[in-house]
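Chain residues, written in single-letter form:
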Amino acid sequence: MTTWNPARLPRQDNRTFVVTGGGAGIGFFIAEQLASTGAEVILATRSEERATRALETLAARDPQARLGFIRLDLADPASIESAAAEIGALPRLDALVLNAGLKPQTEHHTSVAGDELVFGTNQLGNFALIARTLPALERTPGSRLVTMGSLGYTLARLDPSDVDHVGRPYRSLPLYTASKYAQMLTAFELDRRLRAATSPVASVVAHPGVAMDQLAPDRRPALPYVPWPAYRAIPARLFSQGKDAGAWPAVRATLDPTVNGGEMWGPRFLSSRGAPVRERLPRKLRTLELAREIWDLSVSRTGLDPQPR
Ligand SMILES: NC(=O)c1ccc[n+]([C@@H]2O[C@H](COP(=O)([O-])OP(=O)(O)OC[C@H]3O[C@@H](n4cnc5c(N)ncnc54)[C@H](OP(=O)(O)O)[C@@H]3O)[C@@H](O)[C@H]2O)c1
């Protein structure tokens with residue numbers, strides 16, 4: 001593995017990256033780091049107000065940054081369709097970073113399409129976006145689709161016949177971990193399909209480890225800044241990191257020429273914090289049958305099937 005310094009990224013002039021959820025959290029820092037390379041970076045977010053604050057903060061830090069905004073709500077099929085049309089109209093698309101994700105909720109909600117909201121956003125919304133943007137990625141040689149996974153997959157129980165947990169008391173954490181696991185399996189299944197079709201696109205998974213707002217640097221007004229005092233921050237830093245460092249694996253998965261499709265990148269120390277490194281894929285992420293079942297379920301729920309050309 002080559003050495004990689006997150007603070008000295010290779011120049012990417014003339015390249016274009018789209019970061020979903022780039023107006024908040026880890027996505028903001030992914031956008032900031034990618035923009036520092038000279039690339040054009042487009043935030044695809046559901047809140048124009050938050051995107052505007054993020055764009056102003058990024059531009060204030062780096063007046064040379066080339067930035068844009070596309071409205072995207074992953075819980076709304078019509079929004080995904082119009083965002084994908086805008087993405088498809090870009091002259092090039094070197095990477096789509098699927099960072100946006102809905103956290104565990106306090107109560108049951110549904111997406112516009114009527115699916116349980118967490119699974120509907122994280123798995124089905126991202127699946128639809130992949131299907132609709134794959135042609136744009138395939139037009140740009142060497143392009144990548146980077147899916148933001150989660151260590152939560154280790155806890156996940158994913159039953160393709162019961163992804164909405166119908167008829168059970170609402171427990172959001174299992175829905176969240178199952179949705180992130182489904183996203184990761186989908187990314188690996190997509191990579192197998194891309195390779196079988198000799199597509200020029202690579203599908204890669206990154207995960208941030210454990211990344212906290214309270215350990216991240218000041219990026220007001222884009223992000224709230226409520227740092228922990230040292231007595232909390234120092235012990236927390238043993239097993240977690242700021243969202244700026246949480247961005248590193250996705251940024252490396254986007255930029256490093258040694259990255260290949262089908263790989264997973266995460267933090268070095270206990271997969272929780274530290275420098276971004278390639279990780280071994282445990283058996284739970286190599287299950288072909290479950291990946292195909294989740295793919296088929298996602299096709300039937302969204303009516304879309306990502307087809308390499
Ligand atoms: N933080 C961690 O330790 C951790 C660990 C494992 C995995 N992850 C993953 O890393 C990614 C970023 O996490 P984070 O900690 O930065 O979370 P965050 O601060 O809650 O940010 C999540 C982002 O996703 C966006 N989003 C949520 N629902 C959306 C929708 N329907 N359509 C479009 N965008 C939507 C949010 O937009 P709004 O600003 O409009 O809400 C926000 O920009 C997520 O995929 C998460 O699952 C995080």
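Our subject is the structure that appears above.
Note that the structure is predicted; figures quoted are calculated from it, not measured.

A. Structural view of the pairing of strand β1 (residues 16-20). The element β1 is extensively covered by neighbouring structure, given that five of its five residues are classed as buried. Side-chain alternation along β1 places Thr16, Val18 and Thr20 on one buried face and Phe17 and Val19 on a second face that is also buried. Across five bridges, the pairing between β1 and strand β2 (residues 40-45) is parallel. Along β2, the bridge assignment pairs Val18 with Ile42. Read as a crossover between parallel neighbours, the route from β1 over helix α1 (residues 25-35) to β2 is right-handed. In this sheet, strand β4 (residues 95-98) lies alongside β1 in parallel orientation, the contact comprising three bridges. Paired with Phe17 across the strands is Ala95, a residue of β4.

B. Seen up close, unusual backbone geometry. The step from Arg220 to Pro221 runs through a cis peptide bond, and the omega angle for that step is 5°. Within the secondary structure, Pro221 is located in the loop between β7 (211-212) and α6 (230-236). Even without being glycine, Thr198 reaches a positive phi, approximately 45°. Here Thr198 falls in the exposed class, since its relative accessible area comes to 69%.

C. Region of the structure containing the packing of aromatic side chains. Within this structure, the stated rule accounts for four aromatic pairs. With 5.1 Å between their ring centres and 85° between their planes, Phe127 and Trp295 make a pair best called edge-to-face. One end of the pair, Phe127, is in helix α4 (residues 117-138); the other, Trp295, is in helix α9 (residues 288-302), and 168 residues separate them in sequence. The buried category is assigned to Phe127, whose relative accessible area is 1%. Over the face of the ring belonging to Trp295 we find Arg193, whose NZ or CZ atom lies 4.2 Å from the ring centre. Over the face of the ring belonging to Phe269 we find Arg273, whose NZ or CZ atom lies 4.2 Å from the ring centre.

D. Structural context of the side chain of Gln33. As for its position among the elements, Gln33 is in helix α1. Take Gln33: its relative accessible area is 10%, and that puts it in the buried class. Sequence-distant contacts of Gln33, that is, excluding residues within four places in its chain, are made with Leu9, Asp244, Ala247, Trp248 and Val251.

E. α4, seen in detail. Between its terminal C-alpha atoms α4 stretches 30 Å, which fits the 32 Å expected from 22 residues at 1.5 Å a residue. Along its length, α4 shows its largest kink, about 40°, at Arg132, and proline Pro135 lies within four residues downstream of that point. A large share of α4 lies buried, amounting to 20 of its 22 residues. If you check the start of α4, you find a side-chain oxygen 3.0 Å away from the backbone N of Val118, and it comes from Glu116.

What counts and how
Residues numbered from 1 in each chain as written. Predicted model: local features only at pLDDT ≥ 70, side-chain atom pairs only at ≥ 80, totals over all residues. Heavy atoms only, no water. Buried < 20%, exposed > 50% of the residue type's maximum accessible area, 1.4 Å probe, protein only. Helix = DSSP H or I, 4+ residues; strand = E, 2+ residues; numbered from the N terminus. Pairing = 2+ DSSP bridges. Right-handed = clockwise from strand over helix to strand, strands pointing away. Phe/Tyr/Trp six-rings, centres within 6.5 Å; stacked < 30°, edge-to-face > 60°. Lys NZ or Arg CZ within 6 Å of the ring centre and 35° of its normal. Contact = heavy atoms within 4.5 Å. Expected span 1.5 Å × (residues − 1). Bend = angle between axes of the 7 residues up to and from the residue. Polar contact = N/O pair within 3.5 Å; in protein donor to acceptor, adjacent residues only side chain to side chain.

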